[in-house]
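# Breakdown of the fold
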Amino acid sequence: MLCSIFSWFLISVRSAILIVQQLSPTSRMPTLKAILKTIFKTLIPLLPSSAKAFALRPQGHPDHASSLYNLIQALNWRYSEESTDVYIHESAQLCCKLLPLCPEGTYLRSVGVDSTVGYVINACNNLPIDASDEGTHLRRNVLELCPVGHQLRPRALATLAHAVHVRFDQRGSIDDVDEDIQLLREVVSLCSEGHAGRETYLNNLAVSLNLRFNHQGKPNDLDEAISLHEEALHLRPIGHESRDFSLDALGLALVTRFNKCGNIDDITRAISLYREALMLRPPGHRCRDIILHNLAFALNSRYDELHVSEDLEEAIHWYRESLRLKRLDDPGRGLTLANLSSALCSRFTHTRKNEDIEEAITLCQESLGASPSLHPDRWFSYRWLKEAYLARYRELHDPADLLLAMGNCRLASRHPTQGFPLRILAAWHWVSDAEASCHESALEAYLTFFELVDAHLATRSSATLRREAAASFHDARTLPVDAASCAIRCDNQRHAVELVEQGRGQQWSLASRLKTPVEDLESVNPKLAHKYLELSKRVSNAAQSSTTITDRATVDRAATEYRKLTEQWEAAVAKIRNLRAFSRFLLPPLYADLQAAARHGPVIILIASQYSCSAIIVPTSGDPHHVPLPSVSLTELNNLKDRFARAIRHASIMGPKVPRNDLIVLLRTVWDEIMLPIVNVLQHDLKLQSRSRIWLCPTAAFTSIPLHAAHPFQTKADGSKEPCLEDLYICSYTPTLSALVRSRQMMKRRVAPSFVTIGQGQPGAGKGKVLLAVDSELELVHKLVPATAKRTTVSGDAATRAGALQALEENTWVHLACHGKQDPTQPYNSHFVMRDEHLTLLDIMERDTPHAEFAFLSACHTAVGDEETPDEVIHLAAGLQFSGFKSVIGTLWEVNDAVAKHVVEAFYKYMFMDLKDGAGIVMDCTRAAWALNRATHAVKTKVPLEQRMVFIHIGV
């Protein structure tokens, strides 16, 4: 039947063409349209029959394609008659099935498939944007009908991009933003310079990049957005009909950058752009309300920085005018209500006019009612409602207002469809406000902040990007120690240990997750363990491959792929946690887990907080001990740190026999005010025996002070010397308690020792001065290493980046002598200087050396942290420990290679003094702390104080 319908249709069309050819030219087209309309009106009743015929001719039937084509034609004409979207939706789906069945040269292709598909594409593109799943599915079908090279592909891409953009506005899924940007990048690439719509697509891409920056905080997105907006504005000169849109969009991006960087030129220009745009949208313009809102927002932002009351008053005026113009169902109404509330709250803090704060609260409550429960903009309503309640609380001291303020802090920081940067900001404000008001939710606020930062950093595919993301929260870098201080004030020392551990070293924790051993899991559920290991490997590989990509579109795709992989990895972790014995798998460790770090001696966490400075001693068993340091403040610690830096620089130019009086005074201060109260607890409360091992875990400003060298420099009544810290105990450091626990766990994997000495005393041009003592130091170490160990040396031309990396991977013990440099701006670029390229911290971190045991870093600045994020402990020695070395000797400042050789010689003599050829005694890296302690005592007459202090031990 369908075949006869199709034949009748073709004959009818041909007859119509013959008829109209006999008419005058002006009458032909109207007559043809009328005839065709009659023909298809005849066809429409046959639509059910067409569908039935299509069902009777499934895929593989010789007439399947023709049945499909006829059905599409019938649906199209049904749509043209009734304008019911469902028909064109179905046509689009069927066209996707038809095209592969009609390659060039086939009969159906010749009789009008292309024009039919073109009709479907145009009809779909002219439909109102529907951001529902069905609507975006339709746009995807349309895009499938427009393969690469198709003239309508740019519009199909842009329409789909618009649909997913609108869907993001409603749901807040970052996947939609990523797809939106990916689609628009292709559109821009297809519309080269001179293309009529290029400026629109540039503008749309820039808007989406700005949106993603707000959601994810990647600086490159904002920089690119502003660059694209500038190009779009250039293509829309004065007089262009769409110039107002570019002015508006560029203004918003500049306000965003101003709020991030604080450059007053950005906000001044943004306000100027908005004023020009406002002139282009006079009263009566359909989009005037948007410009009014954005101008008000810019003025309010400038007021927050400069506190010029005229800016605030004008902002309030324009917010009100924008609100007056908006319909009650306008999707932007909720944000305008919230922002007006913010401005009124700001005015209240200065004028104390009760009507301002009452209106601010009412407006914010109304804004919540104007937005769906999962709309991303609700975050702003929660944020400003918190500010309003808090402002009223400060005026009236009603506890109910404080409770409501903290409740809205909680809602803002946990709003699921808002991006991490704004949620982290809300949590930070929650911490600050709870501390200022002594509210009981402070500890919950700290925990929320750490969890959000952890999740945010996990979205970054490389260590460099994670550090960049962490550093962007500059004002919050003290929160780990502040959280511990808060727990101490709540008399919960166990929780203090957990919090300081959770907040510190987050980047090491994130990186180590992918290297977590799963032997216990394999014995319980080998299939799940295999899946977890496989996903960990894929995530790690994706992270490493992404570091070499420069093309922005490719970077976007790699980031999206990385995020999807991490989502799969997190799903596997969730399944593991469902197992009874693994409920805490990869969760922040509890005190009972962290106490394993103190198995062989107490760990002393030194907390430098703005609220108080103190120490927490984690003993081998039992509860932690809190040691107040009442004579020490954070300001004094920072001053002490700076004085040490100056004294060490001064000592480096002094003769070896000149007394180091400045250093002696400072070390006496460290002893009296910091270490003596701790030693008293160790001796009297813990009954710790002399020469026992202790581990120091400094935080914040403590990380830059040589605690291990604390010394009273006093004489007793009987003429003997008062013992210093290193006379009493064997001191080691650990970046975090988890790092020490991990190193101890890995000690089970012992293999036959192999020792390599790596030295580069003659780096390439411009890489540092020649180190004349390196070769003799290598020879000395080689002789002192027991002959039972496999010994090799890598030096001279062989000491390249690749050669050093290979040596690190293939040997269990390493001695490295060369230039070392800590990069203050990008600590992951800290490096050892080799003959060709630098051996960087990133290079070391990417290696997994589970059998490695010991490394002696005879180089400068190998154990000094990053000042920007000191509690991340990002330095070369920590990197070696992370990669597998359980015991590491590092340096806190510059090393003099000529005198350091004396320390090196004494160290290895003590390290191996009990080993004799064939004695069967194994080399033991846990002796390193004791050997260093003995060595620095032994060379007092040969090595000046600052060169003995420079060496520290990290690890087991």
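## Looking at the overall build of the protein
Check the secondary structure of the protein and you find 41 helices and 14 strands. A buried classification covers 55% of the 956 residues belonging to the protein. Restricting to contacts in the protein with at least 6 residues of sequence separation, those with at least 24 account for 71%. Just so you have it, the protein exposes about 41400 Å², and 54% of that area is on carbon and sulfur atoms.

## Notes on unusual backbone geometry
Phi is positive for Arg 352, which is not a glycine, with a value near 60°. Inspection of the secondary structure assignment puts Arg 352 in the loop between helix H17 (333-351) and helix H18 (354-369). Since its relative accessible area comes to 43%, Arg 352 is described here as partly exposed. Although it is not a glycine, Lys 687 adopts a positive phi angle of roughly 55°. Tracing the sequence through the fold places Lys 687 in the loop between helix H32 (661-685) and strand S4 (692-698). For Lys 687, a relative accessible area of 60% corresponds to the exposed category.

## Let's talk about helix H36 (residues 801-810)
Turning to H36, its buried residues are Gly 803, Ala 804, Leu 805, Ala 807 and Leu 808. Looking at the packing, one finds that the buried side of H36 touches strand S6 (754-759), strand S7 (790-795), strand S8 (813-817), strand S11 (839-840), helix H37 (841-845) and helix H38 (876-883).

## Side note on the confidence of the model for the protein
Looking at the protein as a whole, its pLDDT mean stands at 86, while 88% of the residues score no less than 70. Contacts of residues 1-6 to residues separated by more than four positions or lying in other chains number 17 contacts, the stretch itself having pLDDT below 50. Across residues 49-54, confidence stays below pLDDT 50; counting only partners more than four residues off in sequence or on other chains, it has 11 contacts.

## A few points about helix H26 (residues 506-513)
Counting buried residues in H26 gives seven out of eight residues, a clear majority hidden from the surface. Along H26, the positions that sit buried rather than exposed are Gln 506, Gln 507, Trp 508, Leu 510, Ala 511, Ser 512 and Arg 513.

## Side note on the side chain of Ser 367
Tracing the sequence through the fold places Ser 367 in helix H18. At 2.6 Å, the side chain of Ser 367 forms a polar contact with the backbone oxygen of Cys 364. Ser 367 has contacts with Gly 334, Leu 337, Ala 338 and Ser 381, leaving out every residue within four places of it along the chain.

## Looking at the pairing of strand S13 (residues 887-891)
Burial within S13 is extensive, with five of its five residues counted as buried. Bridge count for strand S12 (residues 854-858) against S13 is three bridges, and the pairing is parallel. Along S13, the bridge assignment pairs Phe 854 with Ser 887. Of the pairings in the sheet, the one linking S13 to strand S14 (residues 951-955) comprises five bridges and is antiparallel in character.

## Some details on the nonpolar core
Ranked by internal contacts, the top residues of the largest apolar core, which has 215 residues, are Ile 674, Met 675, Leu 707, Phe 832 and Phe 907. It is H32 that contributes the most residues to this core, 11 residues altogether. Leave out the neighbours within four places in its chain, and Phe 832 touches Leu 816, Cys 818, His 819, Gly 820, His 838, Leu 839, Ile 844, Leu 857, Ala 859, Thr 862 and Leu 876.

## Quick notes on the packing of aromatic side chains
Throughout the structure, instances matching the rule amount to 15 aromatic pairs. With a centroid separation of 5.1 Å and 45° between ring planes, the pair formed by Trp 813 and Phe 854 is classed as tilted. Separated by 41 residues along the polypeptide, Trp 813 in strand S8 and Phe 854 in strand S12 bring together distant segments of the chain. Taking relative accessible area as the criterion, Phe 854 reaches 0% and is therefore assigned buried. A ring pair is formed by Phe 854 and Phe 907, whose centres lie 5.7 Å apart and whose planes are at 15°; its orientation type is stacked. Note that Phe 854 is positioned in strand S12 and Phe 907 in helix H39 (residues 897-911), a separation of 53 residues in sequence. Of the residues examined, Phe 907 reaches a relative accessible area of 0% and is grouped as buried.

## A few points about the pattern of salt bridges
One pass over the structure, following the stated rule, counts 41 salt bridges. The partner of Arg 327 in a salt bridge is Asp 329, with the nearest N and O atoms 2.9 Å apart. For Arg 327, a relative accessible area of 52% gives the class exposed. Between Asp 356 and Arg 347 there is a salt bridge whose closest N-O contact spans 2.9 Å. There is no split in this pair, since Asp 356 and Arg 347 are both buried. Among the charged side chains, a network of salt bridges with common partners joins Asp 175, Asp 178, Arg 185, Arg 212, Asp 221, Glu 224, Arg 552, Asp 556, Arg 563 and Lys 564.

Criteria and thresholds
Residues numbered from 1 in each chain as written. Predicted model: local features only at pLDDT ≥ 70, side-chain atom pairs only at ≥ 80, totals over all residues. Heavy atoms only, no water. Helix = DSSP H or I, 4+ residues; strand = E, 2+ residues; numbered from the N terminus. Buried < 20%, exposed > 50% of the residue type's maximum accessible area, 1.4 Å probe, protein only. Contact = heavy atoms within 4.5 Å. Areas by Shrake-Rupley, 256 points an atom, 1.4 Å probe, with all protein chains shown as cover. pLDDT = per-residue confidence, 0-100. Polar contact = N/O pair within 3.5 Å; in protein donor to acceptor, adjacent residues only side chain to side chain. Pairing = 2+ DSSP bridges. Core = buried A, V, L, I, M, F, W, Y, C linked by side-chain atoms within 4.5 Å. Phe/Tyr/Trp six-rings, centres within 6.5 Å; stacked < 30°, edge-to-face > 60°. Salt bridge = Lys/Arg side-chain N within 4 Å of Asp/Glu carboxyl O.

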